[in-house]
Structures are given as structure tokens and as C-alpha cells.
Amino acid sequence: MIEIKGVDFVDGKLKFIDQTKLPFEERYVITDDYERIAEAIKHLEIRGAPAIGVAAAFALSFSLKYAGQNPDQQINKAYERLASTRPTAVNLFWALKKIMNIYQNDPDKKKSYDKLIRHSINILEEDAVKCQKIAANGLEIFKKKSKVLTHCNTGALVTAGSGTALNIIKEAYNNDLIEHVYAGETRPLLQGSRLTAYELYNADIPFEIITDSAAAYLMKRNKIDLIITGADRIARNGDTANKIGTYSLAVLAKFHKIPLYIAAPTSTIDYGLETGMKIEIEIRDKKEVTQLNDIPVTRGEYPVYSPAFDITPADLITAIITEHKVHKPPFNF
Ligand code: MRU
């Protein structure tokens, strides 16, 4: 089996697999250039909430490496740049604030670089441990050998460890609790058919890709026992921003009386947000809809509206699985 990590720290640099090239090419990038990492986050070479957070922590730390005489100016510039890459996954801001806080409270700025790297390594190592705990906690939701639907990609590619929602599926499979997995293809960037399929195939777990619009039909035909997805930002009341299409699945699940679970580390909880109403949703470039691999599938001049995420209200969520436990409603983080 191929062991993949979305992000890793190797010989003083960040190592990541370029997810835009998968599943056809396993191309790794190794860099300590914060601007290169910002680009990678913006263009989804590094993607998925926990991986974005880990990468951002290292990127902000690296910005000090070549800072010269004005480290304050350099780290502030890097902070702004990294914070502007993607607006929805709160892990990005969580990690940036953590690292910035350590820098600002460091009385000896000459030694800050080593400290920031050490804290970034902590964030990375903790992320890996959280993945294991989420998987162990997640086993509790399986009452029998199950047919599971998942959306987007939430495996090892999106963490410094073994993943969140998809890692629960892997753990359940190892415990003989998975009959079959359906991976929603996840239009428009196909994280499901490219990345989740890649991870399930490598793990030898029986699966099929479905188009996003096939989900209702499968639910009606009793082909889905439960749904598990990840999250990009969870409000204190449990409202959850995740990949566009998650809300549709939640509404369908309610209609068909199928439980829907969210799995995420607590770094995805935005404790400053009472509800999901104020979560900023990223709007993606129209070309991602009008073209497939640079080939036009419709006329370029047609207008497009392409939100990358939606918000599933807490009352459609059966439970939220974190590294601490399976949280049942009413949620109060
Ligand atoms: O736009 P993406 O691919 O970064 O969106 C990712 C998702 O929506 C994931 O479900 C989420 O980040 C959880 S990853 C453990």
C-alpha cells in the first residue's frame, strides 16, 4: 500500500504532493519559500482544511528565514499574503494566528525562527495524532457493516497524518464495518473522483465513484446507510461549511432518514462564530466550470456562479466527530 501524506516537514523544508496532478502523477514539491506555499494553497496543490493549516504554519515560519534586517515587516507581509489565499477553511487562520502569536511574544526575535519551526512541527505532529483519534472515535457510529457515501476528499492527502472522514472509513474497513463506499465526484474540481478514488483504490477498499447528482437515487434504493464528510469551518452551534454539495446531501439524507456525520479536528471549529451565517464562502474562477483540463465544455463568455463551499445547518447533522469524542446535538462548542 502506498503511504501518502498531504504535507510533511523534511530536512528543514515543507514537502507536499501536488494534488492538482493526481491521480495520474505523484509529483512532490519541496520548498522553504513562503510565496511558493501561498501559491500552492491558492491553486489547490495543497488543499483540505488541516493540510492548509499545517502548510501555512510552516510558510509563515519560513518567511523569517530570509527576513534580513526587518523581520517584523517580512512576517507581517507573509501573514497577509497567506491569509489572502483562501477564505473559508478556518484552520488557515488558526495556524497563522498561533505562529504569529509566538513571534509577537518572543522577546528575542533573533531566535524566533527556530521557535516558530518547532511550533510548526508541533502543529504537524498534533494533526497526525488527531487523525488517529478521530478514526478511533468514529468507529462508534457504525452499527453494522455499512454502505457509506462520502463527499470531496478527506484522507491522508489533506492532513499531516491519515485523514479525517476518509480515515474513519479506512478504520471501519479494517474492522470489517464497511461493505461499500460511494465517492461523490465533487464538481467542479473532482476531489472525489480524482483524490478519494485514488486513496480508496490504494487502500484496496471496495468503492465506486458516483456523479454528485446520483446521490438521491442511491439513497432511495437503500444503497447508502450513512454519510461522512469533512469540514472547512464549524460554528459554535455546529453549522458546518464544507465542499459545495454537502448541504444538498444533508437535505437528501434527512428526507431518506439517513444519518449524516461530520468529522474534523477541533482546529476546524471557529469558536468566534455563533452560527454559520457569517462564514465567508470562497467563489471560484468560472473557468473551473466552463473548462475541463483546459478544454472548453461550454462557451467561455457564459456567466458562471461557483461557490466552493456551502453551509449545512446543525439540525441536519447527526453528530460531529472530533479527536475528543462523537459530539451529539445540540452542539455547543
Ligand atoms: O476546496 P477544497 O478541496 O480545499 O475543499 C476541501 C473540503 O471541502 C474538505 O471536505 C474539507 O477541507 C475537509 S478536509 C479534511
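Only a predicted model underlies this, so the values are computations on that prediction, with no experimental measurement involved.

Cut-offs used in this document
- Residues numbered from 1 in each chain as written.
- Predicted model: local features only at pLDDT ≥ 70, side-chain atom pairs only at ≥ 80, totals over all residues.
- Heavy atoms only, no water.
- Domains from an automatic or database assignment.
- Contact = heavy atoms within 4.5 Å.
- Buried area = accessible area lost by both parts, 1.4 Å probe.
- Salt bridge = Lys/Arg side-chain N within 4 Å of Asp/Glu carboxyl O.
- Helix = DSSP H or I, 4+ residues; strand = E, 2+ residues; numbered from the N terminus.
- Polar contact = N/O pair within 3.5 Å; in protein donor to acceptor, adjacent residues only side chain to side chain.
- Pairing = 2+ DSSP bridges.
- Axes fitted to C-alpha atoms, helices over the stretch in contact; angles between N-to-C directions.
- 1 Å grid on protein atoms, 1.4 Å probe; cavity = no way out; pocket = protein on both sides within 12 Å on 5 of 7 lines; lining within 4 Å.
- Points joined across faces, edges and corners; volume = space filled by probe spheres on them.
- Nonpolar A, V, L, I, M, F, W, Y, C, P; charged D, E, K, R; others polar.
- Core = buried A, V, L, I, M, F, W, Y, C linked by side-chain atoms within 4.5 Å.
- Buried < 20%, exposed > 50% of the residue type's maximum accessible area, 1.4 Å probe, protein only.

S.K.: Sorry, what's going on with the domain arrangement of the protein chain here?
M.R.: For an interface, size is often stated in terms of accessible area lost upon the parts coming together. Per the domain assignment, the segments of the protein chain are domain 1 (7–132) and domain 2 (135–327). Relative to domain 2, the C-alpha centre of domain 1 lies at a distance of 25 Å. Counting from both sides, the interface comprises 29 residues of domain 1 and, opposite them, 34 residues of domain 2. Between domain 1 and domain 2, roughly 2600 Å² of surface is buried when both sides are summed, and carbon and sulfur atoms account for 54% of that area. Its largest share of buried area at the contact with domain 2, domain 1 owes to R47, T88 and C131, together 24% of the area lost on that side. Linking domain 1 with domain 2 are one salt bridge. The shortest N-O distance in the salt bridge between R86 and E282 comes to 2.9 Å. Of all the secondary-structure elements, those providing two or more residues to the side of domain 1 that touches domain 2 are α2 (49–62), α4 (90–104) and α5 (112–138).

S.K.: Whenever I open this one, the environment of S84 confuses me. Can you help?
M.R.: With respect to the helices and strands, S84 occurs in the loop between α3 (71–83) and α4. Considered as a pair, S84 and E39 are 45 residues apart in the sequence and their alpha carbons are 11 Å apart. Within polar-contact distance, the side chain of S84 engages the backbone oxygen of R81 at 2.7 Å.

S.K.: Could you clarify how one ought to interpret the sheet that holds strand β9 (residues 240–243) in this entry?
M.R.: Whenever strands of a sheet pair, they do so through backbone hydrogen bonds, lying parallel or antiparallel. Reading across from one edge, β8-β9-β13 is the order of the three strands in this open sheet, with antiparallel pairing throughout. Of all the strands in the sheet, the pair left with one neighbour each is β8 (233–234) and β13 (309–312). With four bridges connecting them, β9 and β13 associate as antiparallel partners. Of the residues in β13, the one forming a bridge with N242 is D310. Here helix α9 (residues 246–255) sits on the sheet in contact with β9 and β13, set at roughly 35 degrees to β13.

S.K.: In this structure, what is going on with the layout of surface pockets? I would like to understand it.
M.R.: Leftover empty space is mapped by rolling, across the atoms, a probe with the size of a water molecule. Estimated volume of the largest pocket: approximately 730 Å³. Along its surface, the largest pocket is lined by 22 residues, and T20, P188, L189, E288 and N293 are the ones closest to its centre. Residue classes in the lining of the largest pocket are distributed as eight nonpolar, five polar and nine charged. Built from parts of two domains, the lining of the largest pocket gets at least three residues from each of domain 1 (7–132) and domain 2 (135–327).

S.K.: Would you explain the nonpolar core in this entry?
M.R.: Of all hydrophobic cores here, the largest spans 41 residues; its most connected members are V7, L14, I37, I46 and L60. Put simply, the parts of the chain that give this core at least two residues each are β2 (13–17), α1 (34–42), α2, α3, α4 and α5. Residue contributions to this core peak at eleven residues, all from α2. Filtering out sequence-adjacent residues up to four positions away, L14 remains in contact with V7, D8, F9, V29, I30, T31, I37, I46, A55, F58 and F62. In terms of nonpolar packing, the next biggest core, distinct from the first, is built from 25 residues, A250, I258, L260 and L316 among them.

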